[in-house]
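Okay, here's what each chain looks like letter by letter:
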Amino acid sequence: MIDLLSLTLAELQQVLASYGMPAFRAKQIFHYVYQQFVFQWDQMTLLPKKDRIVLQEKLRIFIPPVLSTLASEDGTTIKLLLSLQDGHTVETVLMRHDYGNAICLSTQVGCAVNCSFCASAKNGFIRNLTVGEMTAQLLVFRAYVTPELHSIVLMGTGEPLLNYDAVLAFLRHIHEKETFYLGYRNMTLSTSGIVPKMYDLAKENIPLNLAISLHAPNDVLRRTIMPIADVYPLEDILKAADHYFSETHRKVTFEYILIRDVNCTTACATEVVRLFARKNVLINAIPINDNYDVGLYRPTTKMMQRFVRIVKNGGISITLRREMGSEIQAACGQLRIQREKVDSI
């Protein structure tokens, strides 16, 4: 069956034409799905009954069931574990900010990048998500949690640039007026630094926010926590980031997860200053959620404040992100791992 959630409006119109249905039905269907959150064909009563019968047989609208829901005590973070059609699971997180709701989406089942601080790759890479499966993550939150959506971040499980074609198709899909009508400036793609794809992304001519997982100020340390550093050294990543900025005029953010006894030292902070001297970037320092699955832990508040102070005094823009979801296992992959542990008992 064809996955409706993977189709653009134009593609749906072509599909409907092949069934002998008029093109205007496509907008009616999209309105039901993306505005009214109606996911059953028999409930789309504006469509003729005979058409609904055909569509029921030909077009699939799969909204993944929610296996687990975890919410922080203050209500700022809600995490869902969703079940895909093949039985695999994927996580997605809603984060309530002062400026609006941001949804953190996954782009793969598992991850091949295998960063030491991330539980996503603990059981290896399984497969890429489809456009429809990424779209469904948004629809689940909008239909069952809140319709209010300000922005999305592709910062969940998986490396978005290793699922490049589907991810770009998804971003263009949710930008359409008839779906989510989300501006590209309200979309952020986070990458571990897949250099060739960063250059490809710069050619797409979309003002997408790019965030790069830095997490260490030199290649030696970075290799110990991010194996991908063996393939793409920092020098190449910085050149690709400069190119992206020159092509898109979008300031690149570098994410730096602060890990106790690993990369939150005075020496590391000083190296960060040297690395980004005279560069127009933003460092987003993120306290790691204590993650017992990977054995890495959050620095003390004093350690983090010292790190940020050194970088800021060095003339580099840096923010210390407010922790969200630490008590609900909001770090990538944690909820999925806990579910698999229960299922194996």
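What counts and what doesn't
- Residues numbered from 1 in each chain as written.
- Predicted model: local features only at pLDDT ≥ 70, side-chain atom pairs only at ≥ 80, totals over all residues.
- Heavy atoms only, no water.
- Helix = DSSP H or I, 4+ residues; strand = E, 2+ residues; numbered from the N terminus.
- Rg over C-alpha atoms; globule rule 2.2 N^0.38 Å.
- Buried < 20%, exposed > 50% of the residue type's maximum accessible area, 1.4 Å probe, protein only.
- Contact = heavy atoms within 4.5 Å.
- Areas by Shrake-Rupley, 256 points an atom, 1.4 Å probe, with all protein chains shown as cover.
- UniProt positions renumbered as here; feature names shortened; annotations may be inferred.
- Arc of directions from axis to C-beta.
- Salt bridge = Lys/Arg side-chain N within 4 Å of Asp/Glu carboxyl O.

**Concerning the overall build of the protein chain**
Helices and strands together make up the secondary structure of the protein chain, namely eleven helices and 14 strands. For the protein chain, the C-alpha radius of gyration of 21 Å lies close to 20 Å, the compact-globule estimate for 345 residues. With the principal axes as the frame, the protein chain shows a C-alpha extent of 70 × 50 × 35 Å. Of all 345 residues assigned to the protein chain, the portion counted as buried reaches 53%. If you take every contact in the protein chain between residues at least 6 apart in sequence, the share linking residues at least 24 apart comes to 66%. When the accessible surface of the protein chain is summed, it comes to about 15200 Å², and 51% of that surface belongs to carbon and sulfur atoms.

**Observations concerning the UniProt feature "binding site: [4Fe-4S] cluster" (unreviewed entry) in the protein chain**
Here the UniProt feature "binding site: [4Fe-4S] cluster" (unreviewed entry) sits at Cys-111, Cys-115 and Cys-118. Looking at where Cys-111 falls in the secondary structure, it is placed in the loop between β7 (108-109) and β8 (127-128). Classification of Cys-118 as partly exposed rests on a relative accessible area of 22%.

**Section: helix α1 (residues 9-18)**
Along α1, the residues that are buried comprise Leu-9, Leu-12, Val-15 and Leu-16. Axial view of α1: buried residues confined to an arc of 120°, hence all on one face. Opposite the packed face of α1, turned more than 90 degrees from it, sit the exposed residues Gln-14, Ala-17 and Ser-18. Elements that come into contact with the buried residues of α1 comprise β1 (2-3), α2 (24-35), α3 (49-58) and β2 (59-60). Positive phi appears at Gly-20, one or two residues downstream of α1, with a value of about 80°.

**Quick notes on the pattern of salt bridges**
This model, assessed by the stated rule, comprises nine salt bridges. Linking Arg-127 and Asp-86 is a salt bridge whose minimum nitrogen-to-oxygen distance equals 2.7 Å. Here the residue Arg-127 occupies a position in strand β8, and Asp-86 occupies one in the loop between β4 (77-83) and β5 (89-97), the gap between them amounting to 41 residues. According to the relative accessible area criterion, Asp-86 is partly exposed, its value standing at 44%. Notably, a salt bridge pairs Lys-197 with Asp-200, separated by 3.6 Å at the nearest N-O pair. Residue Lys-197 and its partner Asp-200 are both found in helix α6 (residues 195-202); the two are separated by three residues, about one turn of the helix. A relative accessible area of 26% places Asp-200 in the partly exposed class.

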